[in-house]
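# Report on the structure
Take a look at the letters that make up each chain.
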Amino acid sequence: MTSKILHRPPSVSDTERPVPRWAMRLAYALPLLLLPACLWRLPFAVHFTMGQEAQEGSLPAYWLSIPYVLGLSVLTEVVAILTIGLVRGWGETAPAWIPFIGGRRVRPMAAVVPAVLGGLILTFLFTAVPLGGGRDLTLYGAVDSIGYSNGAWEALATVCVTPIAAWGPITIALAIAYYRRRTAVAG
């Protein structure tokens, strides 16, 4: 008797060639990996700083912060879910309901180039190198590290936000696996 506790991955019969098990699992895990960061962000919409030491007047008005934070969280999850297309049949043949391209084969580079470029951008956006003295080196230059009112808030922030740094490399790895699978010579 098979255990019903663990979810079975969906069938890969809708792809031209078999998808590596690691790629399938990683693609489906990505939205869940990013979910804590999206949930962590939500209280900031209503100016609850989650223990961060914010300067006075640094928070935008509610009419701006609420749609921005909610939109950013939803957009993050939507893009992560779109990454699943790199391991499913709808990433090889456009769904019929899409105007103009519906039902046509997706050229491998039409999926790989945006995925790799997006992965590189995400890697640079979410990578910070600690310089010491409370400063980090980021895409924007050397910036002050965020201070927290106590260690518990800092630990919670680390647990929730750190996995987002893996988003870019995971997307690049999935794009490479997609390219290899789609351009492999049959034989």
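Please refer to the structure higher up on the page.
Here the structure is a predicted model, which means the values were calculated and not measured.

## Things to note about the overall build of the chain
When helices and strands are counted, the chain shows 5 helices and 3 strands. Ordered by position from the N terminus, the helices and strands of the chain form the series α-α-α-β-β-β-α-α. Considered along the principal axes of its C-alpha atoms, the chain spans approximately 65 × 45 × 35 Å. Considering the chain as a whole, with its 187 residues, one finds that 29% of them fall into the buried category. Taking all contacts inside the chain whose residues are at least 6 apart in sequence as the whole, residues at least 24 apart take part in 67%. Taken as a whole, the chain presents about 12,100 Å² of accessible surface, with 70% of it coming from carbon and sulfur. For the chain, the separation between the mean place of its 14 positive charges and that of its 9 negative charges on side chains is 21 Å.

## What to know about the sheet that holds strand S3 (residues 141–144)
Here we have 3 strands laid out as an open sheet, ordered S1-S2-S3, and antiparallel in their pairing. Taken across any chain shown, the strands that pair with only one partner, and hence form the sheet edges, are strand S1 (129–132) and S3. Ignoring strand direction, the axes of neighbouring strands in this sheet form an average angle of 35°. Note: strand S2 (residues 135–138) against S3, 4 bridges, orientation antiparallel. If you follow Asp-136 over to S3, its bridge partner there is Val-143.

## Let's talk about helix H5 (residues 167–183)
With 17 residues, H5 extends 24 Å from end C-alpha to end C-alpha; this agrees with the ideal 24 Å at 1.5 Å per step. Buried within H5 are the following residues: Trp-167, Gly-168, Ile-170, Thr-171, Ile-172, Leu-174, Ala-175, Ala-177, Tyr-178, Arg-181 and Arg-182. Where the residues of H5 are buried, they touch helix H1 (21–41), helix H2 (62–82) and helix H3 (108–125).

## Points about H1
With 21 residues, H1 ought to run about 30 Å at 1.5 Å a step, and its terminal C-alpha atoms sit 32 Å apart, in line with that. The largest bend in H1 amounts to roughly 35° and is located at Ala-29, with the proline Pro-31 lying one to four residues further along. Among all positions in H1, only Ala-23, Met-24, Ala-27, Leu-30, Pro-31, Leu-34, Ala-37, Cys-38, Trp-40 and Arg-41 are buried. Check the buried side of H1 and you find it contacts H2, helix H4 (151–161) and H5.

## Structural notes on the environment of Cys-38
For Cys-38, the location among the structural elements is in helix H1. Note on Cys-38: relative accessible area 3%, which makes it buried. Taking C-alpha positions, Cys-38 is 26 Å from Ile-176, a pair spaced 138 residues apart along the chain. Other than its neighbours up to four places away in sequence, Cys-38 contacts Ser-73, Thr-76 and Glu-77.

## Quick notes on the pairing of S2
Strand direction decides the pairing type here: S1 and S2, joined by 3 bridges, are antiparallel. The partner of Val-129 across the bridge, within S2, is Leu-137. The antiparallel hairpin formed by S1 and S2 contains 2 residues in its connecting segment, where Gly-133 sits at a positive phi of about 65°. The loop that links S2 with its antiparallel partner S3 comprises 2 residues.

## Quick look at the side chain of Arg-41
Looking at the element boundaries, Arg-41 is found in helix H1. Those residues in contact with Arg-41, other than ones at most four positions away along the chain, are Val-69, Leu-72, Ser-73, Thr-76 and Ile-164.

## Section: the packing of aromatic side chains
Taken as a whole and assessed by the stated rule, the structure comprises 3 aromatic pairs. Geometrically, the ring pair formed by Phe-48 and Trp-153 is edge-to-face, given 5.9 Å between the ring centres and 65° between the ring planes. Highlighted residues: Phe-48 in the loop between H1 and H2 and Trp-153 in helix H4, separated in sequence by 105 residues. On the basis of relative accessibility, which here comes to 44%, the residue Phe-48 falls in the partly exposed class. Look at Phe-126 and Trp-167: their rings are 6.2 Å apart centre to centre, the planes differ by 20°, and that puts the pair in the stacked class. Here Phe-126, found in the loop between H3 and S1, pairs with Trp-167, found in helix H5; they are 41 residues apart in sequence, far enough to count as distant. By relative accessible area, Trp-167 is classed as buried at 5%.

About the cut-offs
- Residues numbered from 1 in each chain as written.
- Predicted model: local features only at pLDDT ≥ 70, side-chain atom pairs only at ≥ 80, totals over all residues.
- Heavy atoms only, no water.
- Helix = DSSP H or I, 4+ residues; strand = E, 2+ residues; numbered from the N terminus.
- Buried < 20%, exposed > 50% of the residue type's maximum accessible area, 1.4 Å probe, protein only.
- Contact = heavy atoms within 4.5 Å.
- Areas by Shrake-Rupley, 256 points an atom, 1.4 Å probe, with all protein chains shown as cover.
- Lys, Arg positive; Asp, Glu negative; His and termini not counted.
- Charge placed at Lys NZ, Arg CZ, Asp CG, Glu CD.
- Pairing = 2+ DSSP bridges.
- Axes fitted to C-alpha atoms, helices over the stretch in contact; angles between N-to-C directions.
- Expected span 1.5 Å × (residues − 1).
- Bend = angle between axes of the 7 residues up to and from the residue.
- Phe/Tyr/Trp six-rings, centres within 6.5 Å; stacked < 30°, edge-to-face > 60°.

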